[in-house]
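Residue-level listing of the chains:
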Amino acid sequence: MLNTGTNVNVSDNKNKSTPLHLAVNQGNDAGVKALLTSRHCNVNCQDLAGDTPLHDAISKEKNGIVDLILGSQVLDVTVCNIRGFNPLHQACMKGNKHAVQKIAGKFPGLIEIAKEDGFTALHLAALNNHTEIAQILLLSGHCDINLRNNKRQTALALAVSESYTAMIELLIEHSANVNAADEDGDTPLHLAVIHQAASSIGLRGLLQGLGLNLPTGDTDQHTGSAIAVYLALHGADINFYNHEGKTPLDLCPDPQTVNLIKRFAKNVPRQTTFQRPSSFTQPRPQPVLSKSIPRPSVAARGTEPRPVPVPRSASAPETTRTAAPTQKKTQDTVNRADAAGVDCIICCENTATVTFQPCGHKITCTGCSLKAKKCLSCNAEIQQKIAPEGAPINAPTLMDATDYNARVRELEDRLQVMEDASQCQICMEREKNVVFLCGHGACRECSERLQICHVCRQAIQNRIPTY
């Protein structure tokens, strides 16, 4: 059917699924491979939920199909579904380690691209307790561990809010800022005493192994106390004021926990926060702070995937007291590539030379900019793309939805003209490989039966083979 020119992108009326969607969902590797070989197949087509075939392959953990789709030359990995998830976001939320490794390795510029709510791939991994995936992102050399979402929450803040002990350890080992405040001015230490999620394993067992006696009582309080002490042990500021003018100690209801926090905050030197260069040009080493006392591994608590931010327990009033100064680093300043020599954030191979208007960001090379409709830094609609010499870039591409069909028809017409020019006009089957002195020609088999030219009707005096 593919050879007969059948429309391979036809969709059903219910879910808007194309044949490629159906082949992916049924795990039909051979069908997917056959469809991808068709030059008419749109690998970026979206169903009713906005999911592409790659989204579906990731969700259903069809890793062989994920590899096939990632090999497509026209794949657009910036396509998001209606919930705002690109393929890397989807893989981090679903916990598909294979897909994260492949996508992050081939498109490292996607790692710090945020959804509309500010959640990056690392935020989603931390929120859903996918520790191995978070480690892959951190070791890639392209992941800023302290990026914030729209509520100014870091990945560490999300992990602390959910009491994900293994995730907390991993992020702190990679120099997460333990004093990063959210929109309410709360640091992870504030959150540790506010959110006391139930868990009897993890940091509490770790701290007991170090000879620390935590307060007796409810298991919920045990975990909150253990995390609070652990953060203090790694440099959390116990005198940091939130927007209500409260320090973590002010919010801690247990006197024994307060004493433990004070003890370790006083005796342990502060941890310095690792700062990442604001470019993708050089992979950075992953610093792991040495500990004076070895720590055993900590079991992580499983959880169901959740793509939405954690709701706050209480709404903070307007600022009544100025919070302590904290370093502010947003995705916009990381991705802004005004200086010359910064790599394209999509391919990470060519230099970013194209300026998007009206936002003014310069973050992609000429080739990658042709696919962009919104700025990957600020999500603003791109009205114009300016080349390095100042000329606008207006060339249509196959990725432009409005020009896609017209472009395909134009290429088909060109191909047909080329085929007609080289095809024997008598049998319409074989290639033209014999030319007459009059300039016309035919295939060898048909020319042997001719005495006069079938076009100009002149006598054939000689037959010249072409090779």
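Residues numbered from 1 in each chain as written. Predicted model: local features only at pLDDT ≥ 70, side-chain atom pairs only at ≥ 80, totals over all residues. Heavy atoms only, no water.

(A) Inspection of the UniProt feature "domain: RING-type" (unreviewed entry) in the protein at higher detail. The positions UniProt marks with the feature "domain: RING-type" (unreviewed entry) are residues 344–379 and 424–457. Annotated as 11% helix and 8% strand, the span residues 344–379 places its first and last C-alpha atoms 16 Å apart. Secondary structure content for residues 424–457 is 12% helix and 15% strand, while the C-alpha to C-alpha distance between its ends is 16 Å. (UniProt positions renumbered as here; feature names shortened; annotations may be inferred. Helix = DSSP H or I, 4+ residues; strand = E, 2+ residues; numbered from the N terminus.)

(B) Region of the structure containing the pattern of salt bridges. Applying the stated rule across the entire model yields four salt bridges. Notably, a salt bridge pairs Glu132 with Lys97, separated by 3.4 Å at the nearest N-O pair. Taken together, the residues span a long stretch of sequence, with Glu132 in helix 8 (residues 131–139) and Lys97 in helix 6 (residues 97–106) at a distance of 35 residues. The shortest N-O distance in the salt bridge between Glu445 and Arg430 comes to 3.4 Å. Taken together, the residues Glu445 in helix 19 (residues 444–447) and Arg430 in the loop between helix 18 (401–422) and strand 3 (434–436) connect sequence positions 15 residues apart. Glu445 sits in the partly exposed class, given a relative accessible area of 38%. (Salt bridge = Lys/Arg side-chain N within 4 Å of Asp/Glu carboxyl O. Buried < 20%, exposed > 50% of the residue type's maximum accessible area, 1.4 Å probe, protein only.)

(C) Quick peek at the sheet that holds strand 4 (residues 441–442). Reading across from one edge, 4-3-5 is the order of the three strands in this open sheet, with antiparallel pairing throughout. Each edge of the open sheet is held by one strand with a lone partner, namely strand 4 and strand 5 (463–465). Two strands pair when backbone bridges link them, and strand 3 and strand 5 are joined in this way by three bridges, in the antiparallel orientation. Considered in strand 5, the bridge of Val435 is made with Ile464. (Pairing = 2+ DSSP bridges.)

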